[in-house]
Amino acid sequence: MKNSILLFLLIICRIAFAQKHDNNWILGYHGQNPHPLQNNMLINFNETSIEIIPLELDSGLYLNKTNASVSSSDGTLLFYTNGIYVANTEHKIIENGDSLNNFGVSNWYRETGLNTLQGALILPTPESDSLFYIFHEPVDFDPNGLGYYIPKLFYSIVDMSENDGMGRIIEKDITLLNDTLVSGRLTACKHANGRDWWIIAPEDDESNNAYYKLLLTPEGVSVIDKQAIPAPLYGVSSVGNAIFTPEGSKYIKHDIRFDPWNAVAIYDFDRCTGDLEL
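Anyway, here's the lowdown on the structure attached to this text. Model, not experiment: these values are computed from the prediction.

Considerations on the pairing of strand E7 (residues 120-124)
Next up, step 1: With 5 of 5 residues buried, E7 is to be regarded as a mostly interior element.
Next up, step 2: Residues Ala 120, Ile 122 and Pro 124 point to one face of E7 and Leu 121 and Leu 123 to the other, with burial holding for every one of them.
Next up, step 3: Pairing of E7 with strand E8 (residues 131-136), which is carried by 5 bridges, proceeds in the antiparallel orientation. Bridging from a neighbouring strand, Ala 120 pairs with His 136 of E8.
Next up, step 4: Between the antiparallel neighbours E7 and E8 lie 6 residues, among them Glu 127 with a positive phi of about 65 degrees.

A look at the sheet that holds strand E11 (residues 153-159)
Strands pair in a sheet through their backbones, by hydrogen bonds, and they do so in one of two ways: parallel or antiparallel.
Next up, step 1: If you trace the 4 strands from one edge of the open sheet to the other, you get E7-E8-E11-E12, paired in antiparallel fashion. Edge positions in the open sheet fall to E7 and strand E12 (168-177), since each of these has one partner strand only. Direction aside, the axes of adjacent strands within the sheet are offset by 20 degrees on average.
Next up, step 2: Inspection of the sheet shows E11 paired to E12 by 6 bridges, in the antiparallel sense. By the bridge assignment, Tyr 155 is partnered in E12 with Ile 174.

Quick word on the sheet that holds strand E4 (residues 68-71)
Next up, step 1: Spatial ordering of the open sheet is given by E4-E5-E6, a layout of 3 strands whose pairing is antiparallel. At either margin of the open sheet sits one strand with a lone partner, and together these are E4 and strand E6 (86-88). Averaged over all neighbouring strand pairs, the angle between strand axes comes to 15 degrees, with direction disregarded.
Next up, step 2: As defined by bridge partners, E4 adjoins strand E5 (residues 77-81) across 4 bridges and the pair is classed as antiparallel. Across the sheet, residue Ala 68 finds its bridge partner in E5, namely Thr 81.

A word on the environment of Asn 101
Next up, step 1: Inspection of the secondary structure assignment puts Asn 101 in the loop between E6 and E7.
Next up, step 2: Overall, Asn 101 belongs to the buried group, its relative accessible area being 0%.
Next up, step 3: A distance of 2.8 Å separates a polar atom in the side chain of Asn 101 from the backbone oxygen of Gly 83.

What counts and what doesn't
Residues numbered from 1 in each chain as written. Predicted model: local features only at pLDDT ≥ 70, side-chain atom pairs only at ≥ 80, totals over all residues. Heavy atoms only, no water. Buried < 20%, exposed > 50% of the residue type's maximum accessible area, 1.4 Å probe, protein only. Helix = DSSP H or I, 4+ residues; strand = E, 2+ residues; numbered from the N terminus. Pairing = 2+ DSSP bridges. Axes fitted to C-alpha atoms, helices over the stretch in contact; angles between N-to-C directions. Polar contact = N/O pair within 3.5 Å; in protein donor to acceptor, adjacent residues only side chain to side chain.

Written as structure tokens, this is what we have:
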């Protein structure tokens, strides 16, 4: 029953791609020390029934909490990442696909993958059949010495036309945001024009409920603005999730809090302007 509930929650959180780019998910054991009885798996949504396929992956390709994958327009797995490595459909690290997030203490997770929920996001470049953007967050020691934090947002570009379709990272760890961000919660939806992508990255600030709004177009990715929204503040949350509804009209963020609030915020989202409204 627990597995059925978990799978249901995963299914309803799929990004509403117009094609089949999210039809394969690579998931794995989420602890610091992967257990041989709880290994990696592929969840395939291509058929009328969901198929779960066990995977035996090389050490270092384990998935902790950070995971993102992308498929072709016909639903064939192309590549995936655990926040440290990028591997292709043959489960081999692609050219220049090692040492992703080469900043702070991210490399401490080389054997297990990063542990940030929704800490990576893969999107197809509009009007391109071969270029894909990976948006990903490194981790570092908190300046106050009390734990870890997200100090910036990177992007990397994968060209799947390279190496006979096995791919190559052509740009890696390009800084997009230099700011303290909420852990993970990277999510996206289509622009109202049906071509471009909106990406939301929440800022981590106890006194300011703010969100960075990014736009991916055929020309590349840009930071549109940072929008602060008056809202009840319950303190900074360490973990949580964020998702757009399939039609993109609502942005929903869940923060797991220990003070003892659990907060779910539901915003209206304007797919033309990128504006959020509580």
